[in-house]
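Each chain, written out:
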Amino acid sequence: MNDVDFLLWVKGPAFSAAMVIFIAGMVLRFFEILSLGKKVNYAVPKSDPVQGGLREILRRFGTDKATFQRSLLTVIGGYVFHIGLFVVVFLLAAHIALLKSIIGFGWPNLPTPVVDAFAVITMLTLIAVLAHRLQHPVKRFLSTPSDYVVWASTFVPVLTGYMAYHHLLLAPSLMLGLHILSVEFLLVIFPFTKLTHAFTLFLARWYNGVSMGIRGVKS
Amino acid sequence: MSSLTLERGINAFKAQIDAPMASFFSSCVSCGMCAEACLFYTENPEPRFAPIYKLEPLRRVWEQEYTLIGKLKAKLGLSKPVTDAELAEWQELVYNNCSLCGRCTLICPVGNDLTYMIRKMREGMVASGHAPEGLIGASTRAVQIGSPMGVKLPALQAQVRHVEKSTGMEVPFDKVGAEYLLMLSSMEIMNYPEYLEAVAKILTNAGKTWTLSSECFEATNSGIQIGSSDIARELVSRVVNAAEKLKVKTVISPECGHAYTALRWEGPNLIGRPYTFAAKHIVEVLDELREQGLLQTEGMEEAKLTFHDPCQLVRRGGVVQQPRNLLNMVAKNFVEMSDCGTLNWCCGAGGGVSANEDAEEVKMKAFLRKKKQLDELGVDTLVTACANCRIQLEEGLEVNQMDIPVVGLTEMIAEHLVERKGGAA
């Protein structure tokens, strides 16, 4: 298999397979969660549970001042790499073109040099976040091998994408192939690791928020 | 409780696992922010006190039983089943080092209700025989005697006679059709009898009809704390039966945090239907009387004072503004602690910690968080609205040689009460 064959394979059958596993896996995970059900709550609500659920979905994108200060590195690191990933994944012209070919519509992109800068920031932050995880007693204690696999599977696509764009180390087409392959790896493990939080956190916040709504708790 | 086994514990875990819990476990990213939110960690920073880690056995049962990947891992021998020895080890984490205060639940960035899960995990701890002796004793006394402290009706009747003598008012028992049924906690009957006197004065003066029940006067619920729905259901049913027999409109939960959680939030679900009456915390009732103009006070406290928010009132009950409205009626120099209101720090002894002898040392460590908050303020008086918080605060202040009296909010209001014309007093 030469570079071109490899690129065609990762762009074709491998990509389709990864997407199928990703989508079917996430559907399965949501089924696994939702099919467990939830008991009826007979307590008279103090405020609207639906409003509580929606409020918590939004509110938890932010944090209160004291918590911000107490967990400074976690919060800042978390924001920066999530925003960075969002920009790199969804606002790069090449990515939008790919997504458009799959879902049929696109959206405006950021200039590639800007996205490139975000990629650098994202990689540096991911490294800082990893260092923090290794150094922080609680984070290190809670971390399982899966956490480090998840970290690597997030970092490598950004790195290979950056290297492919800048023609570093390997032939750009080979590096692009590796970039796509690394994304496929990410998609495949996504439903079976804590990467699922990207979707399930909306459910978690909803359930917690509904409970807060019933209890009339606002924060 | 002769056959408490690991198998029963695991089955109880399985019975507790629901969609919210599965969404919570699926969403955790091991960020560790729950640890920073938990006073049992901040005052005793061992990583195993991180709230999410306290749930690890339950998480594993969820993963192994209810996820495809977990089942596969179990088949391939890649995951180990939860053992009895582990649950024995976890008793310290789930009971001694958690007051179900709900702070982690509020802080978690992905939105996990960790408190909800720890409450549920305790069901499996009870079923597997890994609940603390102190809580087993309290629950047994609650079921058999009617009070976790073993307080019987004659003790209450004696207090009632004192109150009637000192106020000249009638303290009614078993009055059918009264508006309010007043529930108490044993702690109030034994340690803080001034509470009953205060409520008697306020309600009677407001022209409200109210009553005690001779069949059930205890509002606290050890079943909620130990984590046994069977016990909790039995205890809450007694309150419901008394309230329905007396046909009251409202049951007043005392100055006690978890009694409110038991009666207001868990009770209807334990009995499987809505109540025929309303359940309110005394502070909610007092604030309603204030709004209706039925609670008037005179004179102001000069002392610099602050309010300790009981967790079950603010974070788990949405009662934040009411105590402040009331305090502002009688206090000139009311100052707020840092993190006050919904994010206030626990006293360190809620959720069964105070009834658990194994937690004696830990709860005093946890108190140091409150000490820091108080040291920042330099107040003369500390006001609260939970007898359990109050006894922990008094002990903590004593141990740390801090000379700050702790006062119940209801008593403070009663001291400033203006007698109304038209009131029955």
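All of the points below concern the structure found in this document.

Definitions and limits used
- Residues numbered from 1 in each chain as written.
- Chains lettered and ligands numbered in written order.
- Predicted model: local features only at pLDDT ≥ 70, side-chain atom pairs only at ≥ 80, totals over all residues.
- Helix = DSSP H or I, 4+ residues; strand = E, 2+ residues; numbered from the N terminus.
- Buried ≥ 20, exposed ≤ 12 C-beta atoms within 10 Å, placed from the backbone.
- Contact = placed C-beta atoms within 7 Å.
- Pairing = 2+ DSSP bridges.
- Nonpolar A, V, L, I, M, F, W, Y, C, P; charged D, E, K, R; others polar.

### Considerations on the overall build of chain A
What chain A contains, in helices and strands, is eleven helices and zero strands. If you list the helices and strands of chain A from N to C, you get α-α-α-α-α-α-α-α-α-α-α. Dimensions of chain A, computed from the C-alpha atoms along their principal axes, are close to 65 × 35 × 35 Å. The buried share of chain A, reckoned over its 219 residues, is 30%. A separation of at least 24 residues holds for 76% of the contacts in chain A among residues at least 6 apart in sequence.

### Comments concerning the pairing of strand β5 (residues 301-308) of chain B
Residues and elements named next belong to chain B. Relative to strand β6 (residues 331-334), β5 runs parallel, the two sharing three bridges. Pairing of Leu305 across the sheet is with Phe334, part of β6. In the sheet, β5 pairs with strand β7 (residues 381-384) via four bridges, with the strands oriented parallel. Opposite Thr306, over in β7, you have Leu382 as the bridge partner.

### A look at the interface of chain B and chain A
On the chain A side, the residues contacting the 49 residues of chain B number 46 residues. Those elements giving two or more residues to the side of chain B that touches chain A turn out to be α2 (19-27), α3 (33-37), α5 (51-54), α7 (68-75), α9 (103-107) and α17 (257-271) of chain B. If one sorts the elements of the side of chain B that touches chain A by residue count, α2(B) sits on top with seven residues. Classifying every residue of the side of chain B that touches chain A by side-chain character gives 27 nonpolar, 14 polar and eight charged.

### Quick look at the sheet that holds strand β1 (residues 180-182) of chain B
Residues and elements named next belong to chain B. Pairing is parallel across the open sheet formed by four strands, whose spatial order is β2-β1-β3-β4. Strands at the two margins of the open sheet, each flanked by one partner only, are β2 (210-211) and β4 (278-281). Sheet topology places strand β3 (residues 250-253) next to β4; four bridges connect them, and they run parallel. Bridge pairing in β4 links Val251 to Ala279.

So far we have only geometry, and geometry alone does not tell us how the molecule works.
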